Amino acid sequence: MTTHLTWPQILSWRLRRQYVSDPGGPGPVEVARRLCGVQAQVASSAQLAVAIRSAAPDPGAIDRALWAERTLAKTWVMRGTLHLVPSGQLPDYCAALGTLRFWEKGSWQRGHGVTAAEIEAIIDTVPKVLGETPLTREELVEAVVDATGDAHLREALTSGWGALLKPLSRLGELCYGPPREGRVTFTSPRAWLPGWPAEPPPQEEAGVRLARAFLGAHGPATPEMFDGWLFGGVARKAVLRGWFRDLGPELTEVRTDDGQTLLALTEHLDDLAGARPSDAVHLLPGFDQYVLAAPRGLTPLLPAELKPKVSRQAGWISPVVVHRGRVAGVWEAKGGEITYELGADVPRQLLDAAAARLRPLLTR
């Protein structure tokens, strides 16, 4: 039997599951686990995404988890973007993402100015030169050039946004180390992260675990929505079908009020059906998972007229005003003041209450 749900119910459930309407996250590791990662291209946005979801916001908690406790890892994962993920889950991300070896395509190699032999040399050499001591990007590049004798790799590895290092992150051979004198460093997950497995988990098992975790925070959804979040919509179809086939006994179809058929974890059906739409207003930071994990064309979440304000040039995702679970506008903080561009009516009293909760977190 198909369960019928409205989008206001689904969005209300997601806000609660993602610690937005019920900010009870015990810390950055649990928040990152529940959200399936926290995008970290903009460090201040990642800090705010964790803080607004935490029962007791702690501005130093992320750095402690990354560099002292090593319970968080920072690296390129979903869609090739920089994220914070729990260290214990990173092997699953690497195993699943490793099913799409984009760097082996001639078009990708030509686009980044390297040959197949050179990218193979980078992948072979980086794990050998990354030891116990994290290296800056410059040190890593020189070590690779010295080891390979290929001076051309110096230019290739220092241009762009680390594109030639991203295959290493997907293969579980590279992650960020602690910054040194304001500069980024890189290290090997095998050397840096406690409990790193001797062998990667089977991709079949890793993919199922990631799909289950995704549906637990961003569901109900379709395999295509999961693919868009994890791979950017270019997953190998046979691999994707296999993961959802194996997860199938745990899933139930639901039908939305706009006629979409989605998949939900059966264990969450009663909770979803009991969800009640909320009038609450929330101010979420740029690059927030509440927006990023959903398709840009999901109009029940992001009205078409607001899409250009939210999803901007060069992949920039604006901070958003959420009302009744739906994006109602964008906001910006300047000089201690919060300004808004709204595309829908939002009760001023609720907006002021959301701003009052956010403002102390902006100064941390």
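These figures come from a predicted structure and were not determined experimentally. (Residues numbered from 1 in each chain as written. Predicted model: local features only at pLDDT ≥ 70, side-chain atom pairs only at ≥ 80, totals over all residues. Heavy atoms only, no water.)

Peer 1: How should the sheet that holds strand β2 (residues 38-39) be read in this particular structure?
Peer 2: Working definition: the strands of a sheet are paired by backbone hydrogen bonds and lie parallel or antiparallel to each other. In space, the three strands of this open sheet follow the order β2-β4-β3, with antiparallel pairing throughout. A single partner strand is all that each edge strand has here, and the edge strands are β2 and β3 (72-76). In the packing of helix α2 (residues 28-35) onto the sheet, contacts are made with β2, β3 and β4 (82-86), and the angle to β4 comes to roughly 110°. (Pairing = 2+ DSSP bridges. Helix = DSSP H or I, 4+ residues; strand = E, 2+ residues; numbered from the N terminus. Contact = heavy atoms within 4.5 Å. Axes fitted to C-alpha atoms, helices over the stretch in contact; angles between N-to-C directions.)

Peer 1: What is the right way to look at the pairing of strand β11 (residues 320-323) in this model?
Peer 2: Two faces belong to every sheet, and in a regular strand the side chains alternate between them. A two-sided burial pattern is seen for β11, the buried positions comprising Val320 and Val322 on one face and Val321 and His323 on the other. With four bridges connecting them, strand β10 (residues 281-284) and β11 associate as antiparallel partners. Across the sheet, the residue bridging to Leu284 is Val320, located in β11. Bridge count between β11 and strand β12 (residues 326-334): four bridges; the pairing is antiparallel. Paired with Val320 across the strands is Val330, a residue of β12. (Buried < 20%, exposed > 50% of the residue type's maximum accessible area, 1.4 Å probe, protein only.)

Peer 1: Looking at this structure, I do not really get the environment of Ala51. What am I missing?
Peer 2: Relative to the assigned elements, Ala51 resides in helix α3 (residues 43-51). Judged by its relative accessible area of 14%, Ala51 is buried. Taking the C-alpha atoms as reference points, Ala51 and Val31, separated by 20 residues in sequence, lie 9.4 Å from one another. Residues within four places of Ala51 in sequence aside, it is in contact with Pro57 and Leu361.

Peer 1: Got a minute to help me understand the nonpolar core in this structure?
Peer 2: General note: in soluble globular proteins, nonpolar side chains tend to be found buried as a group. Residues Leu90, Tyr93, Phe226, Trp229, Leu230, Trp243 and Leu283 are the most contacted members of the largest nonpolar core, which totals 80 residues. Apart from the residues within four sequence positions on either side, Trp243 is in contact with Ala96, Thr99, Gln203, Glu204, Gly207, Val208, Phe226, Leu230 and Phe231. Core analysis: the second largest hydrophobic core is formed by 40 residues, Val29, Trp76, Leu82 and Leu153 among them. (Core = buried A, V, L, I, M, F, W, Y, C linked by side-chain atoms within 4.5 Å.)

Peer 1: Honestly, the pairing of β12 in this entry has me stumped. Any pointers?
Peer 2: Between β11 and β12, which pair antiparallel in sequence order, lie two residues; one of them, Arg324, sits at a positive phi of approximately 55°. The turn joining β12 and strand β13 (residues 337-342), which pair antiparallel and follow one another in sequence, is formed by two residues; a positive phi near 55° is taken by Gly335.

Peer 1: Where do I start with empty space enclosed by the protein in this structure?
Peer 2: Here the idea is plain: a probe the size of a water molecule rolls over the atoms and shows the empty space left. Counting across every chain of the model gives one cavity of 30 Å³ or more. Put simply, the largest cavity is a space of about 40 Å³. Lining the largest cavity are Ser12, Leu15, Ser21, Ser278, Ala280, His282, Arg324 and Gly325. By residue class, the composition of the lining of the largest cavity is two nonpolar, five polar and one charged. (1 Å grid on protein atoms, 1.4 Å probe; cavity = no way out; pocket = protein on both sides within 12 Å on 5 of 7 lines; lining within 4 Å. Points joined across faces, edges and corners; volume = space filled by probe spheres on them. Nonpolar A, V, L, I, M, F, W, Y, C, P; charged D, E, K, R; others polar.)

Peer 1: I'm lost on the side chain of His83 in this one. Help?
Peer 2: Secondary-structure assignment places His83 in strand β4. Looking at His83, its side chain comes within polar contact range of the main-chain oxygen of Thr81, at 3.2 Å. In this structure His83 touches Gly37, Val38, Gln39, Ala40, Ala73, Lys74, Thr75, Val77, Met78 and Gln289, once residues within four positions along its chain are discounted. (Polar contact = N/O pair within 3.5 Å; in protein donor to acceptor, adjacent residues only side chain to side chain.)

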